[in-house]
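Examination of the molecular architecture
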Amino acid sequence: MKLGAACLISAAYSAVFSAFGQNLPVVASPERPVAGLSYADIVDLADGAPLVANVRIRNIIPLKPDQAGTVRSGRKRLFIEAEVTGLIRGESGIAPTVTYLYDAPLDARGRTPKFKKAQMIVFARPGTRPGEIQLIAPDAQIPATAEELSRVKAVLAALVAPNAPPRILGLGDAFHVAGTIAGEGETQIFLRTENGDPVSLSILRRPGQPPRWAVALGEIVDEAARAPEPGTLLWYRLACALPPALPPASVRALAPADADAARADYALVVDALGPCGRTRTKE
């Protein structure tokens, strides 16, 4: 083996195995073509990555079984050296050349894909040594096509915007007030958020009109509150975090009829949001 390759493998060994000691995820390839990643998939990756970069793969070294540790059947653990061609996110910057691990799928002949010189987007965290990074999920590397770069940058911009909606942890209390005539009523449901910022759902029913609902990011629900557009960060926060049904704790203080109305109104919101649309398989 050439000296350069031997040095790279030696570096890989110590990097890998410090990661294993911390029970941190090691890179694996996606189970499906990344071209089909949904909006929710991209947000999942971007939201959890303190470091996002565009890289060009320069060198790939397969690790021997005694170096690679435990690898899933049908995979080959690779040590990858890549040139950073653009830092998309990273407060502490990034080295011009990075190294990381990747568990590549094997084809029917037991061979790994040929992606040397390929441009990739990596979603990562800094490693323990200069130039080392660790992907945040097994599939946190995607081809750096123009379309994917645009999507990732748009998501990251939304995540750091001053008015970015907070992460939703669950549902708080629900309240319902029946109107003076049949079919009239209003429900308000408070959400629990990671940073404590107020977020609430309001559902309004009027006889002869379709029900209307809105989400408010603040203490007061005003006329400007609207239902979120699909494929936006606020929609993602709700569609991918809200439970399918209103839990008993949220309606524990309501009369039975009001609790039933609140549950029906919450179901209307969940149906309007639609499915989250995640397609990635987590390992």
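Residues numbered from 1 in each chain as written. Predicted model: local features only at pLDDT ≥ 70, side-chain atom pairs only at ≥ 80, totals over all residues. Heavy atoms only, no water.

1. Considerations on the packing of aromatic side chains
The geometry of two aromatic rings is summed up by the distance between their centres and the angle between their planes. Spelled out, the test is: Paired rings are identified among Phe, Tyr and Trp, the last through its six-membered ring, by centres lying within 6.5 Å, and are further divided according to the angle between planes into stacked (under 30 degrees), edge-to-face (over 60) and tilted (the rest). Note on conventions: DSSP H or I runs of at least 4 residues are helices, E runs of at least 2 residues are strands, and numbering of each starts at the N terminus.
According to the stated counting rule, one finds three aromatic pairs in the structure shown. Between Phe175 and Phe190, the aromatic rings sit 6.0 Å apart at their centres with planes inclined by 80°, giving edge-to-face as the arrangement. Separated by 15 residues along the polypeptide, Phe175 in strand 7 (residues 168–178) and Phe190 in strand 8 (residues 185–193) bring together distant segments of the chain.

2. A few points about the state of the cysteines
In plain terms, the rule: Two cysteine sulfurs form what is called a disulfide whenever their separation falls within 2.5 Å. Burial classes follow relative accessibility: with a 1.4 Å probe on protein chains only, a residue under 20% of its type's maximum area counts as buried, one over 50% as exposed, and anything between as partly exposed.
Under the definition given, this model contains one disulfide. With a sulfur-sulfur separation of 1.9 Å, Cys240 is cross-linked through a disulfide to Cys276. In this structure the cystine formed by Cys240 and Cys276 twists about its S-S bond by roughly 85°; its chirality is therefore right-handed. One end of the pair, Cys240, is in the loop between helix 5 (233–239) and helix 6 (256–273); the other, Cys276, is in the segment after helix 6, and 36 residues separate them in sequence. This pair shows no difference in class: Cys240 is buried, exactly as Cys276 is.

3. Considering the pairing of strand 9 (residues 199–205)
On a regular strand, one side chain projects to one face of the sheet and the next to the other, so that they alternate. In plain terms, the rule: For two strands to be treated as a pair, DSSP must find at least two bridges joining them.
Of all seven residues in strand 9, six are buried, a share of seventy percent or more. Pairing of strand 8 with strand 9, which is carried by seven bridges, proceeds in the antiparallel orientation. Bridge pairing in strand 9 places Phe190 opposite Ser200. Between the antiparallel neighbours strand 8 and strand 9 lie five residues, among them Gly196 with a positive phi of about 85°. Pairing analysis gives five bridges linking strand 9 to strand 10 (residues 212–216), with the strands arranged antiparallel. From the neighbouring strand, Ser200 faces strand 10, where its bridge partner is Ala216.

4. Observations concerning the packing of helix 2 (residues 39–47) against helix 4 (residues 146–160)
As a reminder, the rule being used: Whenever a helix is involved, its axis is fitted only over the stretch in contact; in every case the axis is a line through C-alpha atoms, and angles between N-to-C directions fall within 0 to 180 degrees. Note that the term roughly parallel is reserved for angles under 35 degrees, roughly antiparallel for angles over 145, roughly perpendicular for angles of 65 to 115, and oblique for everything else. In this scheme, a crossing is called left-handed if the near helix is turned counterclockwise away from the far one by less than a right angle; it is called right-handed if the turn is clockwise. The contact criterion used throughout is that any non-hydrogen atoms of two residues lie within 4.5 Å. Polar here means any residue other than Ala, Val, Leu, Ile, Met, Phe, Trp, Tyr, Cys and Pro, which are nonpolar, and Asp, Glu, Lys and Arg, which are charged; Gly is therefore polar.
In contact at an axis separation of 10 Å, helix 2 and helix 4 are set at 60° when each is read in the N-to-C sense. With respect to their mutual orientation, helix 2 and helix 4 come out oblique. Regarding helix 2 and helix 4, the two cross each other, and that crossing is right-handed. Two secondary-structure elements touch here, helix 2 through Tyr39, Ile42, Val43, Ala46 and Asp47 and helix 4 through Glu148, Arg151, Val152, Val155, Leu156 and Leu159. Considering only residue class, the contact of helix 2 with helix 4 consists of eight nonpolar, no polar and three charged.

5. Description of the pattern of salt bridges
The test is simple: By convention in these notes, a salt bridge is any Lys or Arg side-chain nitrogen within 4 Å of a carboxyl oxygen on Asp or Glu.
Tallied over the full model, the rule gives eleven salt bridges. For Glu184, the salt bridge goes to Arg206, with nearest N and O atoms at 3.7 Å. With Glu184 in the loop between strand 7 and strand 8 and Arg206 in the loop between strand 9 and strand 10, this pair connects stretches of sequence that are 22 residues apart. By relative accessible area, Glu184 is classed as partly exposed at 22%. Residue classification places Arg206 among the partly exposed positions, given a relative accessible area of 31%. In this structure, Arg263 engages Asp260 in a salt bridge whose closest nitrogen and oxygen atoms are separated by 2.7 Å. Highlighted residues: Arg263 and Asp260, both in helix 6, separated by three residues, approximately one helical turn. By relative accessible area, Asp260 is classed as partly exposed at 45%. When salt bridges that share partners are traced, they join Asp47, Arg167, Glu194 and Arg237 into one network.

6. A word on the sheet that holds strand 8
Pairing in this open sheet of four strands is antiparallel, and the strands run 7-8-9-10 from one edge to the other. Edge positions in the open sheet fall to strand 7 and strand 10, since each of these has one partner strand only. On average, each strand axis in the sheet is tilted by 15° relative to the strand beside it, whichever way the strands run. Contacting strand 7, strand 8, strand 9 and strand 10, helix 6 runs over the sheet at an angle of about 105° to strand 9.

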